[in-house]
Amino acid sequence: MSIQENYNAIKSQLPQHVELVAVSKTHPVSAIQEVYDLGQRVFGENKVQELTEKYPLLPKDIQWHLIGHLQTNKVKYIAEFIDTIQSVDSEKLLREINKEAGKHQRKIKVLLQVKIAEEESKFGLEAEEAKSLYQKYLNGEFPNIFVTGLMGMATFTEDKNQIKKEFLNLKGLFDELNQLQPLETLSMGMSDDFPTAIECGATSVRVGSAIFGRRDYSK
Ligand SMILES: *Cc1c(COP(=O)(O)O)cnc(C)c1O
């Protein structure tokens with residue numbers, strides 16, 4: 001299928017209230033432009049270097065989301081233009097984003113990335129850490145940041161029940177934090193599991209290969 005057919009097929013499966021982040025990592029600027037021309041404005045990249053190379057070549061009304069692990073020393077390269085950083089996995093990183101946003105006199109939206117997978121490899125905060133960071137945010141410790149929600153990645157497995165259990169865990173934490181002060185975004189679900197994520201309460205999904213095709217990491 002073409003990118004256009006893929007994109008339309010994904011869009012047709014998303015309820016109105018669910019935002020689509022088109023994950024364009026490894027794909028060329030021309031493919032991103034093609035999806036932009038179909039009306040998509042929210043794109044996700046996972047590497048700072050790749051994002052800063054693509055950014056100047058594409059329309060300025062794209063809302064860029066960083067979805068991959070971010071080192072504190074690289075925040076400065078994206079602080080001027082990033083819309084949302086979905087992968088906040090430490091207090092140190094949140095402090096750095098707050099500082100760099102301040103330098104540019106802007107506020108940056110962030111999601112707290114919570115570790116929900118059983119696998120050891122995934123980055124993310126423990127639920128308790130996410131709660132305490134949200135509390136600090138509500139106490140005014142990060143004036144140049146909007147914490148707009150939570151992000152999580154399920155275990156890479158075929159086991160739908162396992163995936164569902166992990167998504168529902170994150171939804172539980174989301175509901176809990178929501179009672180302190182409402183949050184907008186629960187980002188969970190990728191090409192293979194986004195329908196399950198939506199069933200479990202996702203308000204935003206991050207879809208790459210189902211739109212752009214398989215990624216070629218050899219280039
Ligand atoms: C690559 C990536 C995605 C998209 O994965 P697909 O399976 O291609 O849809 C979503 N979220 C994160 C954090 C990613 O790194």
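Residues numbered from 1 in each chain as written. Predicted model: local features only at pLDDT ≥ 70, side-chain atom pairs only at ≥ 80, totals over all residues. Heavy atoms only, no water.

### Considering the overall build of the protein
The condition that has to hold: Only DSSP runs of H or I reaching four residues or more are called helices, and only runs of E reaching two or more are called strands; each is numbered from the N terminus. Throughout, the radius of gyration refers to the C-alpha atoms, and the reference size of a globule is 2.2 Å times the residue count to the power 0.38. Here's how the labels work: a residue is buried when its accessible area is under 20% of the maximum for its type, exposed when over 50%, partly exposed in between, all with a 1.4 Å probe on protein chains only. Between two residues, a contact is recorded if the distance between any of their heavy atoms is within 4.5 Å. Shrake-Rupley sampling with a 1.4 Å probe provides the accessible areas, and residues are treated as covered by the protein chains on show and by no other component. Only four residue types enter the charge count, namely Lys and Arg as positive and Asp and Glu as negative; His and the chain termini do not. Where a charge sits is defined by one atom per residue type, namely NZ (Lys), CZ (Arg), CG (Asp) or CD (Glu).
Secondary structure assignment for the protein yields eight helices and eight strands. In terms of overall dimensions, the protein is globule-like: its C-alpha atoms have a radius of gyration of 17 Å, near the 17 Å expected for 219 residues. In terms of overall dimensions, the protein has a C-alpha envelope of 50 × 45 × 35 Å along the principal axes. Counting over 219 residues, the protein shows a buried share of 49%. In the protein, of all internal contacts separated by at least 6 residues, the share reaching a separation of at least 24 is 58%. About 10900 Å² of surface is accessible on the protein, with carbon and sulfur atoms providing 47% of the total. In the protein, which carries 27 positive and 31 negative side-chain charges, the distance between the mean positions of the two groups comes to 4 Å.

### Overview of the site of the ligand
For clarity, the threshold we go by: Here a residue is near a molecule or strand as soon as one of its heavy atoms is found within 4 Å of it. What qualifies as a polar contact is a pair of N or O atoms within 3.5 Å, subject to a donor-acceptor requirement within protein and to the restriction that residues adjacent in sequence count only when both atoms come from side chains. All amino acids are sorted into three groups, where Ala, Val, Leu, Ile, Met, Phe, Trp, Tyr, Cys and Pro are nonpolar, Asp, Glu, Lys and Arg are charged, and the leftover types, Gly among them, are polar.
Inspection of the region around the ligand gives Val23, Lys25, Ile67, Met153, Met190, Ser191, Arg206, Val207, Gly208, Ser209 and Arg215 as its neighbouring residues. A distance of 2.6 Å is found between an oxygen atom of the ligand and a side-chain nitrogen or oxygen belonging to Lys25. Residue Ser209 places a side-chain N or O atom 2.8 Å away from an oxygen atom belonging to the ligand. Within the complex, the protein chains bury 92% of what would otherwise be the 380 Å² of accessible surface of the ligand. Grouping the constituent residues of the shell around the ligand by class yields five nonpolar, three polar and three charged.

### Notes on the packing of aromatic side chains
Our working rule: Note on aromatic pairs: the rings of Phe, Tyr and Trp (six-membered ring only in Trp) are paired at centre separations within 6.5 Å, and the planes decide the class, stacked below 30 degrees, edge-to-face beyond 60, tilted for the rest. Whether a charge sits over a ring depends on NZ of Lys or CZ of Arg being within 6 Å of the ring centre and within 35 degrees of the ring normal.
Scanning the model with the defined rule gives three aromatic pairs in all. When the centroid spacing of 3.8 Å and the interplanar angle of 15° are considered together, the rings of Tyr55 and Phe81 count as stacked. Of this pair, Tyr55 sits in the loop between α3 (48-54) and β3 (63-66) while Phe81 sits in the loop between β3 and β4 (84-88), and the two are 26 residues apart along the sequence. Its relative accessible area of 22% is what places Tyr55 among the partly exposed residues. Given the relative accessible area of 15%, Phe81 is considered buried. Lying across the ring of Tyr36, Arg41 places its NZ or CZ 3.6 Å from the centre.

### Section: the pairing of strand β8 (residues 204-207)
For a regular strand, the rule is simple: side chains alternate between the two faces of the sheet. For clarity, the cut-off: Should DSSP find at least two bridges between two strands, the strands are taken to pair.
The two faces of β8 match: Ser204 and Arg206 on one face and Val205 and Val207 on the other face are all buried. Both strand β1 (residues 19-23) and β8 contribute to a ladder of four bridges, which runs parallel. The residue of β8 that forms the bridge with Leu20 is Val205.

### Structural notes on helix α5 (residues 127-138)
To keep things clear, this is the line we draw: To estimate the expected span of a helix, count its residues, drop one, and scale the result by 1.5 Å. The directions considered for the arc are those from the helix axis to the C-beta atoms.
Taking 1.5 Å as the rise per residue, α5 with 12 residues should run 16 Å; its terminal C-alpha atoms sit 17 Å apart, in good agreement. Those residues of α5 that sit buried are Ala130, Leu133, Tyr134 and Tyr137. Buried residues along α5 cover an arc of 100° about the axis, so they all sit on one side. Gly140 occupies a position one or two residues after α5 and carries a positive phi of about 90°.

### Describing the environment of His69
For His69, the position within the fold is in the loop between β3 and β4. The spatial distance from the C-alpha of His69 to the C-alpha of Gln13 is 28 Å, given a sequence separation of 56 residues. In this structure, His69 is in contact with Asn46, Ser87, Asp89 and Phe123, ignoring residues within four places of it in sequence. For His69, the side chain forms a polar contact with the side chain of Asp89, separated by 2.8 Å.

### A short note on unusual backbone geometry
Negative phi is the rule for most residues except glycine; trans is the rule for most peptide bonds. Unlike most non-glycine residues, Thr26 shows phi in positive territory, near 75°. Note that Thr26 resides in the loop between β1 and α2 (29-37). Residue classification places Thr26 among the partly exposed residues on the basis of a relative accessible area of 27%. The phi angle at Gln105 is positive, at roughly 50°, despite the residue not being glycine. Counting through the fold element by element, Gln105 comes out in the loop between α4 (91-103) and β5 (108-114).

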